[in-house]
Amino acid sequence: MNFSSYLKESTIGSIDSVLSMAKIIIPLMIVMEILKDAKILEKISKKLKPIAKLFDISNESVFPLMIGMVFGLIYGAGIIIESIEEENLKKKDLYIIIIFLVACHAIFEDTFIFVAVGANLWLLFFTRLTVALVVAYFASKVIDRVKRFN
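Note that this is a predicted model, so its numbers are computed, not measured.

**Examining the overall build of the protein**
In step 1: If you tally the helices and strands in the protein, you get eight helices and zero strands.
In step 2: Each helix and strand of the protein, ordered N terminal to C terminal, gives the series α-α-α-α-α-α-α-α.
In step 3: Across its three principal directions, the C-alpha atoms of the protein cover 60 × 40 × 35 Å.
In step 4: Contacts in the protein between residues at least 24 apart in sequence constitute 69% of all its contacts with a sequence separation of at least 6.
In step 5: Of the roughly 9900 Å² of accessible surface on the protein, a fraction of 70% belongs to carbon and sulfur atoms.
In step 6: Looking at charge distribution, the protein has the averaged site of its 17 positive side-chain charges lying 10 Å from that of its 15 negative ones.

**A word on the packing of helix 1 (residues 3-37) against helix 5 (residues 73-87)**
In step 1: Interaxial distance between helix 1 and helix 5 falls to 8 Å at its minimum, and their mutual angle equals 40 degrees. Classified by the angle their axes make, helix 1 and helix 5 are oblique. The two elements helix 1 and helix 5 cross, and the hand of that crossing is right-handed. Every residue of helix 5 that contacts helix 1 at M21, I24, I25, L28, M29, M32, E33 and K36 is listed here: I74, Y75, G78, I79, E82, S83, E86 and E87.
In step 2: Along the lines of polarity and charge, the residues of the contact of helix 1 with helix 5 split into nine nonpolar, two polar and five charged.

**Some words on the layout of surface pockets**
Unfilled space is identified by rolling a water-sized probe across the atoms.
In step 1: By volume, the largest pocket amounts to about 240 Å³.
In step 2: Lining the largest pocket are 14 residues, and of these L41, E42, S45, E60 and E87 sit closest to its centre.
In step 3: Breaking the lining of the largest pocket down by element, the ones donating at least two residues are helix 1, helix 2 (40-47), helix 4 (62-71) and helix 5.
In step 4: Looking at which element gives the most residues to the lining of the largest pocket, the answer is helix 2, with four residues.

**Thoughts on a positive patch on the surface**
In step 1: A contiguous patch of positive charge on the surface is contributed by K43, K46, K49 and K53.
In step 2: Among the secondary structure elements, K53 is positioned in helix 3 (residues 49-55).

**Notes on the packing of aromatic side chains**
In step 1: Evaluation of the coordinates by the stated rule reveals six aromatic pairs.
In step 2: Relative to F126, the ring of W122 has its centre 5.8 Å away and its plane inclined at 25 degrees; by these criteria the two rings are stacked. Taken together, the residues span about one helical turn, with W122 and F126 both in helix 8 (residues 121-149) at a distance of four residues.
In step 3: Judged by its relative accessible area of 54%, W122 is exposed.
In step 4: Residue F126 is classed as partly exposed on the basis of its relative accessible area of 43%.
In step 5: Put simply, the rings of F108, W122, F125 and F126 pair up and form one aromatic cluster.

About the thresholds
- Residues numbered from 1 in each chain as written.
- Predicted model: local features only at pLDDT ≥ 70, side-chain atom pairs only at ≥ 80, totals over all residues.
- Heavy atoms only, no water.
- Helix = DSSP H or I, 4+ residues; strand = E, 2+ residues; numbered from the N terminus.
- Contact = heavy atoms within 4.5 Å.
- Areas by Shrake-Rupley, 256 points an atom, 1.4 Å probe, with all protein chains shown as cover.
- Lys, Arg positive; Asp, Glu negative; His and termini not counted.
- Charge placed at Lys NZ, Arg CZ, Asp CG, Glu CD.
- Axes fitted to C-alpha atoms, helices over the stretch in contact; angles between N-to-C directions.
- Parallel < 35°, antiparallel > 145°, perpendicular 65-115°, else oblique.
- Left-handed = near helix turned anticlockwise from the far one by under 90°.
- Nonpolar A, V, L, I, M, F, W, Y, C, P; charged D, E, K, R; others polar.
- 1 Å grid on protein atoms, 1.4 Å probe; cavity = no way out; pocket = protein on both sides within 12 Å on 5 of 7 lines; lining within 4 Å.
- Points joined across faces, edges and corners; volume = space filled by probe spheres on them.
- Patch = residues over 30% accessible without salt bridge, like charges linked within 9 Å, V, L, I, M, F, W, Y side chains within 5 Å.
- Salt bridge = Lys/Arg side-chain N within 4 Å of Asp/Glu carboxyl O.
- Phe/Tyr/Trp six-rings, centres within 6.5 Å; stacked < 30°, edge-to-face > 60°.
- Buried < 20%, exposed > 50% of the residue type's maximum accessible area, 1.4 Å probe, protein only.

Below, the structure is given as structure tokens:
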């Protein structure tokens, strides 16, 4: 393959990838704005308050965490970034979201992919969720302790 063919394929592939992500991210952001304007996001945040309390993070950070958990890092990134810019989330909130999502992003999609190749659905699902909860919980406590010593 010559360089110009490679460049053409790479360019077209990159544009296709960006368009694919835009097809998901743009509607998600529109839905988020509608939910925010209709005050539905506030209601969702109140119902998810126990999660925020467990990790000692703000209620506003739970929604981006849930989007990343369900839709994954790439598709949830738009929501997470927008929430960061609009809500002025604390650094701790951001760290906990990131730490949680390392173990538990796109939990449904990834789990079903592994089930298709023979993994146990419930074992994989609950193991990922448990690891994410435990690691994020302890990270929250460590961050609190480090902040006290600074």
